[in-house]
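One letter stands for each residue in the lines below.
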Amino acid sequence: MRLNTATVKTDLAPVVVILDSSLGTLRLSDEFQRLGFEVVLIPGQSLNALKKWKAPANRQWFSHPGWTDWGQRPEWSQLVQKMGGIAIGPSSKIINLFSHLINFLSEGAKHQIPHALAHPYPLASIPEAVNVIKEYPVVLKNLRSPQFGLGLVDISHAGELKTKGSLWLDHVNEVEGDSFFGIERFIEGSRLIRFPFSRDTEGEVKFFSQIDHSLQSEYRAYIPICPPQNLTTSVIDEVNEKMENFINAIGFTGVGSMDFLVDGSRYYLVGGHCGFKRDSWLWEKVDGVSPLSEQLRSLNLSHKSSAKHTPKSKNETTAAMVFLRAEDPIYQLPSPGKIFEKDTTGKESNWIWSDLKQGKIEASGSDLIGAWVGVGKSLKDVLKSAEDDLSKLWIHGSLLTNQKYLIDVLKHPWVREGAFYLGFLQHEFIPDHRPPLEVIQFAADVCASLVKAQSSLKWLVLGYRIETKPGIKIATPGSKRFADLDETLSYSVYRVTDDRWSVRIGLWSFWCVEQRKSTQGIKLNGLVAGVVKRLAVSKGKLTEPGDTLVIVESLRRWVSHQVSIPVKVLSWKVKVGEAVEPGQMLAEIEKP
């Protein structure tokens, strides 16, 4: 149930306004209420919505950024102060330092914290980067909000800088306005480790269990793990000592974290965060400390002290978080849509679900469906528990999910042994994404049974061209035993567009696309549901192989549509700003 107004009815309770970000927001709201606060959620995650909120007269009130990015930007705390409230977080000065990457890393260097910057000054254009990059690979980082997702992009060679880099910078500029970026060396084989901490107004510093963020792809987190495997005590002690000097020198108060690339005994500071992130649920489970209580205690905003921090041995407790996303599990493309079926037969208490309106993952919103959070005595135990609960989850609708992909990751022997590194998922991991042909044929047969056409039908399924016979009748949803697997699997299908179906069979989810005869020329079809952001090629122009023809924005990502051969656009079937569906014809093209 969504909380829109306060549920604590007392004039004595201070008011806290939380900027809403769905996943985990209600849990945060509940904890504030247990601590004696009256809670108001501001939907939309925007400062404009906060400006319109009427602060109570003669009442003390606070604002918390929740899980939004506003906690990393000084505009939020400045607005709260202007409105007469108290921002639950560091000062605007500290937020400003953390949010400007080059200044932040340079300040760290004053305290002997090494960084991986390949160029000491901010850049504003790709031609500038071409002139200063001496060797590849590198990472481009948005200096305004150097967080995961839109904030970073990997560049492997000069050609990729001009294509992938230019597209990334265009996206950043559209979202942020004119932006500057920095260049960081790519440390091959390193791990991305987050070091959380708190510091109170008296200068007492606490450190909490570190979190390994190496299991990510395209800088989107998939499985954070706490504490990291094979992180030596000497590295932890050295990093914590330098962090303490740093945060004491700048006068930080509250809860925060710093991110390091760790390569054996070497470490490099790459970013920092004010406040706590969603992964704080992990060190909460390992250390027995409530992040919110610790944040309030460190700022002298709560009379209730948090649990005493008692460090535990690394082998005593391991926690992991698994992010379930609306995503094509094969190509990792965004997959917005509606969820019609969701059934959890595992431990429901381990799941935190996004607050989806009418079960929809909107193309303009986040791809997060939910997160699994659990603990075990060892890494193998907690990953096996996550695998079991994900295997029991049934979720289907007009979208695909990364459920099968996650299970394949959790079962991988390198992951079970903790022998992974940053870039492992993106460059080394190959998921077992194609079911047996028996399953693929049955998927096409189910879809064909729901089509009224009487002639034979041809389908494109996971790269296979499948033919079905007319007159097939198969009930859906249902279950079927597959001889190749020696197993009975549940199945369900949903028609997304006129010729495209979302299919779920067991743990596999994929598209079935009906292949129809067309009187038109070669078609350029949409890869995702979203909004057309740019028609990159004018009608009649001859393109080069790999050129971007059109860009569709979906789940805050820009998806570039390309072809591997030279083509000419004969006509555009869509226009900028138009909503499109996967498989929809975007343009008619021809080979010259």
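Look up a bit, the structure's there.
Predicted, not measured: the structure shown is a model, and the values here were computed from it.

Chemist: Would you mind showing me how to read unusual backbone geometry here?
Modeler: Backbone phi values are negative for most residues with the exception of glycine, while trans is the configuration of most peptide bonds. Cis geometry is found at the peptide bond from Cys226 to Pro227, where omega equals -5°. Position of Pro227 relative to the elements: it lies in the loop between β13 (225–226) and α8 (233–250). Of the consecutive residues Thr476 and Pro477, the connecting peptide bond is found in the cis state with omega at 0°. Its place among the elements puts Pro477 in the loop between β23 (464–468) and β24 (478–482). Phi at Asn58 takes a positive value of approximately 55°, unusual for a residue other than glycine. The topology assignment puts Asn58 in the loop between α2 (47–52) and β3 (61–64).

Chemist: Please explain the sheet that holds strand β4 (residues 86–87) as it appears in this structure.
Modeler: Hydrogen bonds along the backbone pair up the strands of a sheet, which may run parallel or antiparallel. The strand order across the open sheet formed by 4 strands is β2-β1-β3-β4, and the pairing between neighbours is parallel. The strands lining the two open edges of the sheet, one partner per strand, are β2 (38–42) and β4. With 4 bridges joining them, strand β1 (residues 15–19) and β3 adopt parallel strand pairing. Note that in β3 the partner of Val17 across the bridge is Ser63. Sheet strands touched by helix α1 (residues 25–34): β1, β2 and β3. Its angle to β2, the strand with the most contacts, is close to 160°.

Chemist: Explain the pairing of strand β29 (residues 530–535) to me, please; I cannot follow it from the model alone.
Modeler: Looking along a regular strand, one sees the side chains alternate between the two faces of the sheet. Two strands pair when backbone bridges link them, and β29 and strand β33 (residues 579–580) are joined in this way by 2 bridges, in the antiparallel orientation. Residue pairing across strands places Gly530 opposite Val580, the latter belonging to β33. Note that β29 and strand β30 (residues 548–554) share 4 bridges and pair antiparallel. Looking at β30, one finds that Val531 is bridged to Glu553.

Chemist: I'm lost on the sheet that holds strand β34 (residues 585–590) in this one. Help?
Modeler: If you trace the 3 strands from one edge of the open sheet to the other, you get β28-β34-β32, paired in antiparallel fashion. Taken across any chain shown, the strands that pair with only one partner, and hence form the sheet edges, are β28 (522–525) and β32 (568–572). Taking the axes of each pair of neighbouring strands and ignoring which way they run, one obtains an average angle of 35° across the sheet. Pairing of β28 with β34, which is carried by 4 bridges, proceeds in the antiparallel orientation. Counterpart to Asn525 in the pairing with β34 is Met585.

Chemist: How should I be thinking about the environment of Leu507 in this particular structure?
Modeler: With respect to the helices and strands, the residue Leu507 is situated in the loop between β26 (500–505) and β27 (508–514). Each C-alpha atom of the pair Leu507 and Asp287 lies 34 Å from the other, and the pair is 220 residues apart in sequence. Excluding its chain neighbours within four sequence positions, the residues that come into contact with Leu507 are Leu390, Ser391, Gln403, Lys404 and Ile407.

Chemist: Explanation requested: the packing of aromatic side chains in the structure shown.
Modeler: How two aromatic rings sit relative to each other is given by the distance of their centres and the angle of their planes. Using the criterion set out here, one finds 22 aromatic pairs in the structure. Relative to Phe482, the ring of Phe442 has its centre 5.6 Å away and its plane inclined at 80°; by these criteria the two rings are edge-to-face. You can see Phe442 sitting in helix α15 (residues 437–449) and its partner Phe482 sitting in strand β24, a full 40 residues away along the chain. Put simply, the rings of Tyr222, Tyr405, Trp414, Tyr421, Phe424 and Phe429 pair up and form one aromatic cluster. Of note, Arg500 hangs over the ring of Trp511, and the distance from its end group to the ring centre comes to 5.4 Å. The ring centre of Trp394 lies 4.4 Å from the NZ or CZ of Arg504, which sits over that ring.

Chemist: Explanation requested: the environment of Arg504 in the structure shown.
Modeler: Along the chain, Arg504 falls in strand β26. Considered as a pair, Arg504 and Leu489 are 15 residues apart in the sequence and their alpha carbons are 9.8 Å apart. Apart from residues no more than four positions distant in its own chain, Arg504 is found in contact with Leu393, Trp394, Ile395, His396, Gln403, Ser490, Tyr491, Ser492 and Ser509. A distance of 3.1 Å separates a polar atom in the side chain of Arg504 from a polar atom in the side chain of Gln403.

How each quantity is defined
Residues numbered from 1 in each chain as written. Predicted model: local features only at pLDDT ≥ 70, side-chain atom pairs only at ≥ 80, totals over all residues. Heavy atoms only, no water. Helix = DSSP H or I, 4+ residues; strand = E, 2+ residues; numbered from the N terminus. Pairing = 2+ DSSP bridges. Contact = heavy atoms within 4.5 Å. Axes fitted to C-alpha atoms, helices over the stretch in contact; angles between N-to-C directions. Phe/Tyr/Trp six-rings, centres within 6.5 Å; stacked < 30°, edge-to-face > 60°. Lys NZ or Arg CZ within 6 Å of the ring centre and 35° of its normal. Polar contact = N/O pair within 3.5 Å; in protein donor to acceptor, adjacent residues only side chain to side chain.

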